[in-house]
Protein chains: 2
Amino acid sequence: MARGYFQFKKRIQILSGGSAVGELEARGPLRDYFDLTSSDSKFGMDTWEKAEAEMCRQSHSVAIKKAGITADDIDVALAGDLTNQCAASTFGMKDKEIPFVGLYGACSTFALSLGMGSLLLEGGDQKTVLCASSSHFCSAERQYRFPLEYGCQRPPTAQTTVSACGSVVLSAASEEKGIRITEFLVGTVRDYGIRDASNMGAAMAPACADTLCRYFLVSGRKPEDFDMILTGDLGKEGSGILRELCRIGGVEISRNHDDCGNMIFDPITQDVKSGGSGCGCSAAVFASYILHRMKKAEISDILLVGTGALLSAGTVLQKETIPGVAHLIRIQREGK
Amino acid sequence: MARGYFQFKKRIQILSGGSAVGELEARGPLRDYFDLTSSDSKFGMDTWEKAEAEMCRQSHSVAIKKAGITADDIDVALAGDLTNQCAASTFGMKDKEIPFVGLYGACSTFALSLGMGSLLLEGGDQKTVLCASSSHFCSAERQYRFPLEYGCQRPPTAQTTVSACGSVVLSAASEEKGIRITEFLVGTVRDYGIRDASNMGAAMAPACADTLCRYFLVSGRKPEDFDMILTGDLGKEGSGILRELCRIGGVEISRNHDDCGNMIFDPITQDVKSGGSGCGCSAAVFASYILHRMKKAEISDILLVGTGALLSAGTVLQKETIPGVAHLIRIQREGK
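Given the structure is predicted, the values throughout are model-derived calculations rather than measurements. (Residues numbered from 1 in each chain as written. Chains lettered and ligands numbered in written order. Predicted model: local features only at pLDDT ≥ 70, side-chain atom pairs only at ≥ 80, totals over all residues.)

**As for the overall build of chain A**
Per the secondary structure count, chain A includes nine helices and 13 strands. Computed over the C-alpha atoms, the radius of gyration of chain A is 18 Å, within 12% of the 20 Å expected from 2.2 N^0.38 for a compact globule of 336 residues. When the backbone C-alpha atoms are referred to their principal axes, chain A occupies close to 55 × 50 × 35 Å. Taken over 336 residues, chain A has a buried fraction of 64%. Sequence separation of 24 or more characterises 81% of the internal contacts of chain A that already satisfy a separation of 6 or more. (Helix = DSSP H or I, 4+ residues; strand = E, 2+ residues; numbered from the N terminus. Rg over C-alpha atoms; globule rule 2.2 N^0.38 Å. Buried ≥ 20, exposed ≤ 12 C-beta atoms within 10 Å, placed from the backbone. Contact = placed C-beta atoms within 7 Å.)

Have a look at this one:
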């Protein structure tokens, strides 16, 4: 088997998805698909960091409830986020007594959690896992860039960190119907020398192209075999670079490629520059809109490629480049 | 199977261990067991963060070399550290084209990487993984506490972040001899309301006691079944609390309990307060001294419990409590 490539033998089924989003996201094109929202993006808390943790808590709870189970039925939870030391995920989990695995892959964390969660079901006798990731515009802005009060101008290539959490319950099921995770390809850290922290699409696109080209090579499949190749989150700038890099690699994805960062906001009415980003973006888009479309059989076989920019405020200050990583998941609808 | 508990059916063998440590660690009691050291803890770099990444790079390389393979033979690497956004692990990995999974569990990250790495071998057709974690006193001090130049006094309960990286190569082997990882218990986030960031032993001990008591319950084993119950890293303060909490839980571990944070420094000649801590402590102690003792058959069946304090500089400033988590690994020596 190729390096980092997994084809699951068990039926890893997606039982449910839950999502909680902030105010801007709740005014976007996918507003009808999200489960919960907070009119001031604070979720009743007094700091942005606590708001993000509370958003996680609520998103997990709704996913667990929709699966028709309780938190005690979850064998392991896997989650990560952008806050330093992944505090939002930890604090969002600490009221639930669930064995917890912390992950970090920047915006690729959601796809990574689905992959590692599936592996955990594949390799053990555990029955049910929770996979999640989150981000919050306000906690991310002040951590990575400037305090919001500073009113910093952002260039057109900058993406807008999404305030959202997406949570998915997976189960090793025996049923021959439902939505399944069937493959997982672990991404490689790629560094093309990008140093502009306001152009993370450009930093992540090479890693994404690498993972996609590697996937088509090792699986023997072609882009047209899928109803959708969904990246999360390259935004407008990064999506263009990805398509071009794939084309150079001999793979044409533009016919069925879409990006969660381009879907969550309306580029005309919402001033989000190059689109959405943040661990919560692909998580919330997948756990709501995409799952909805798969259940309705509008799409039945998709690739989800989580793309992460592996920078910190410190690496930027030390003039380091921004490496990227991209993890790929194949999700298929089975039965009627 | 109990929640978060895995007994591996495949032979997950530890092929090799590599370690790179700083100047203070190289003067400690385990000095003869480490592979590499840097006389100024800078590893030839101009910032502490770059030094930590370089230390990782060197530690991985020595582990890979000792296993008699090359980086191209590693199917997946799993690593994490204490720097914001786990930058040391990422930058330490980016010159090697290895599929990479980022983990975060504070000082429990090394045990988590061994557990998730074993699961990855158990659940797929991959052959070889690299598991690692690191920390650096200087990058951690200025990130979590104060700039070194400030010369801050630390209370006796404070632990000293270890400058070290430990790397281990695992393989799904068919041989009936060697050192194997046989069990993994994922820890639960535990919060006993500790708010003192200078007493992380107290914050982590409850999670550690919880994981140990849960392990003895679900496995049906007793502390005396093991040659060593090794925690990493509770230090002097936390170790005492752990033993007492276990006693309350009906488990007596004091006869064979030891802690990596108590082993790496000499408490008499080295001014390290409550002992060592940091993701790199248990990683380097295990990958050097412990593996050496297991190879010599001085110890043949041990539990390694990684303990993490899930705080960030931000959660401390926001007066949050410090939750803990502890992941358990059983390691056994097989054959002669």
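**Remarks on the relation of the copies chain B and chain A**
Take chain B, turn it by 180°, move it 0.0 Å along the axis, and it overlays chain A with an RMSD of 0.0 Å. With respect to symmetry, the two chain copies, as superposed, fit the operation of a two-fold axis. (Least-squares fit on C-alpha atoms with pLDDT ≥ 70 in both.)

**Here's the deal with the interface of chain B and chain A**
Chain B puts 52 residues into the contact, and the matching count from chain A is 52 residues. Of all the elements in the fold, those that place two or more residues in the side of chain B that touches chain A are strand E3 (76-81), helix H2 (87-93), strand E4 (100-102), helix H3 (109-123) and helix H9 (313-317) of chain B. Considering every element that reaches the side of chain B that touches chain A, the biggest residue donor is H3 of chain B, with six residues. Here the side of chain B that touches chain A is composed, by residue class, of 25 nonpolar, 18 polar and nine charged. (Nonpolar A, V, L, I, M, F, W, Y, C, P; charged D, E, K, R; others polar.)

**Digging into the pairing of strand E7 (residues 164-173) of chain B**
All names here are of chain B. E7 sits mainly inside the fold: nine of its ten residues count as buried. The sheet contact formed by strand E1 (residues 5-21) and E7 spans ten bridges and is antiparallel. Bridging from a neighbouring strand, serine 16 pairs with valine 169 of E7. Where strand E5 (residues 128-135) lies against E7, eight bridges are found, and the strand directions are antiparallel. The residue of E7 that forms the bridge with threonine 128 is serine 171. (Pairing = 2+ DSSP bridges.)

**Examining the domain arrangement of chain A**
All names here are of chain A. Here chain A is described as being made up of domain 1 (9-173) and domain 2 (179-334). Each side of the interface is counted separately: domain 1 has 54 residues, and domain 2 has 53 residues. The residue inventory of the side of domain 1 that touches domain 2, partitioned by class, reads 27 nonpolar, 22 polar and five charged. (Domains from an automatic or database assignment.)

**A word on the packing of H3 of chain B against helix H8 (residues 279-295) of chain B**
Residue and element names in this part refer to chain B. Between H3 and H8, whose axes approach to 7 Å, the crossing angle comes to 60°. Here H3 is positioned oblique relative to H8, judged by the angle of their axes. Of the residues in H8, those touching H3 at Thr109, Phe110 and Ala111 are Cys279, Ser282, Ala283 and Phe286. Its residues assigned to classes, the contact of H3 with H8 comprises five nonpolar, two polar and no charged. (Axes fitted to C-alpha atoms, helices over the stretch in contact; angles between N-to-C directions. Parallel < 35°, antiparallel > 145°, perpendicular 65-115°, else oblique.)

**Describing unusual backbone geometry**
A cis amide bond links glycine 232 of chain A with the next residue in sequence, aspartate 233 of chain A, at an omega value of 5°. In this fold, aspartate 233 of chain A is placed in the loop between strand E9 (228-232) and helix H6 (235-248). Located in the positive-phi region is phenylalanine 43 of chain A, a residue other than glycine, with phi close to 50°. Among the structural elements, phenylalanine 43 of chain A can be located in the loop between strand E2 (36-37) and helix H1 (48-66). On the basis of neighbour count, phenylalanine 43 of chain A is assigned to the buried category, with 24 C-beta atoms found within 10 Å. Notably, alanine 106 of chain B is not glycine yet its phi reads approximately 50°, a positive angle. Take alanine 106 of chain B: it is sitting in the loop between E4 and H3. The class for alanine 106 of chain B is buried, based on 32 C-beta atoms found within 10 Å.

**Considering helix H5 (residues 200-219) of chain B**
Residue and element names in this part refer to chain B. Its 20 residues give H5 an end-to-end C-alpha distance of 28 Å, which sits within 8% of 28 Å, the value for a rise of 1.5 Å per residue. Burial analysis of H5 places 15 of its 20 residues in the buried class, the great majority of the element. Where H5 terminates, the next one or two residues include glycine 220, which has phi positive at roughly 75°. (Expected span 1.5 Å × (residues − 1).)

**Some details on the packing of H5 of chain B against helix H6 (residues 235-248) of chain B**
All names here are of chain B. Here H5 crosses H6 at 40°, and the two axes come no closer than 8 Å. Like other packed secondary-structure pairs, H5 and H6 cross with a definite hand, here right-handed. Contacts between H5 and H6 involve Gly201, Ala202, Met204, Ala205, Pro206, Cys208, Ala209, Leu212 and Cys213 on the former and, on the latter, Gly235, Glu237, Gly238, Ile241, Leu242, Leu245 and Cys246. Residue classes in the contact of H5 with H6 are distributed as twelve nonpolar, three polar and one charged. (Left-handed = near helix turned anticlockwise from the far one by under 90°.)

**Quick look at H8 of chain B**
Turn by turn, an α-helix covers 3.6 residues, leaving residues three or four places apart pointing in a common direction. Residue and element names in this part refer to chain B. Taking 1.5 Å per residue, 17 residues should reach 24 Å; H8 reaches 23 Å between its end C-alpha atoms and fits that length. By the largest-angle criterion, phenylalanine 286 marks the main kink of H8, which is about 40°. Of all 17 residues making up H8, 14 are buried, and the element is well covered by its neighbours. With its phi angle positive at about 65°, alanine 297 sits one or two positions after the end of H8. (Bend = angle between axes of the 7 residues up to and from the residue.)

**Considering the environment of alanine 207 of chain A**
Residue and element names in this part refer to chain A. Here alanine 207 shows up in helix H5 (residues 200-219). Owing to 28 C-beta atoms within 10 Å, alanine 207 belongs among the buried residues under this scheme. In the structure, alanine 207 is positioned 127 residues away from glutamate 334 in sequence and 30 Å away in space, judged by C-alpha atoms. Setting aside its immediate chain neighbours within four residues, alanine 207 contacts Gly187, Arg190, Thr307, Gly324, Val325 and Ala326.

**Regarding the environment of glycine 232 of chain B**
Residues and elements named next belong to chain B. With respect to the secondary-structure elements, glycine 232 resides in strand E9 (residues 228-232). Look at glycine 232 and you get buried, because 37 C-beta atoms sit within 10 Å. Separated by 72 residues in the primary sequence, glycine 232 and threonine 160 place their C-alpha atoms 13 Å from one another.

**Some details on the confidence of the model for chain A**
Residues of chain A with pLDDT of at least 70 account for 100%, and the chain-wide mean is 96. Both confidence scores are given for the complex: pTM 0.98, ipTM 0.97. (pLDDT = per-residue confidence, 0-100.)

**A closer look at the pairing of strand E1 (residues 5-21) of chain A**
Residue and element names in this part refer to chain A. Among the 17 residues of E1, twelve are classified as buried, and the element is accordingly described as predominantly covered. Of the strand pairs in this sheet, E1 and strand E8 (residues 178-185) are connected by five bridges, and their pairing is antiparallel. Looking at the pairing, isoleucine 12 lines up with isoleucine 181 of E8. As paired strands, E1 and E2 are joined by two bridges and run parallel to one another. Within E2, the residue paired with valine 21 across the bridge is threonine 37.

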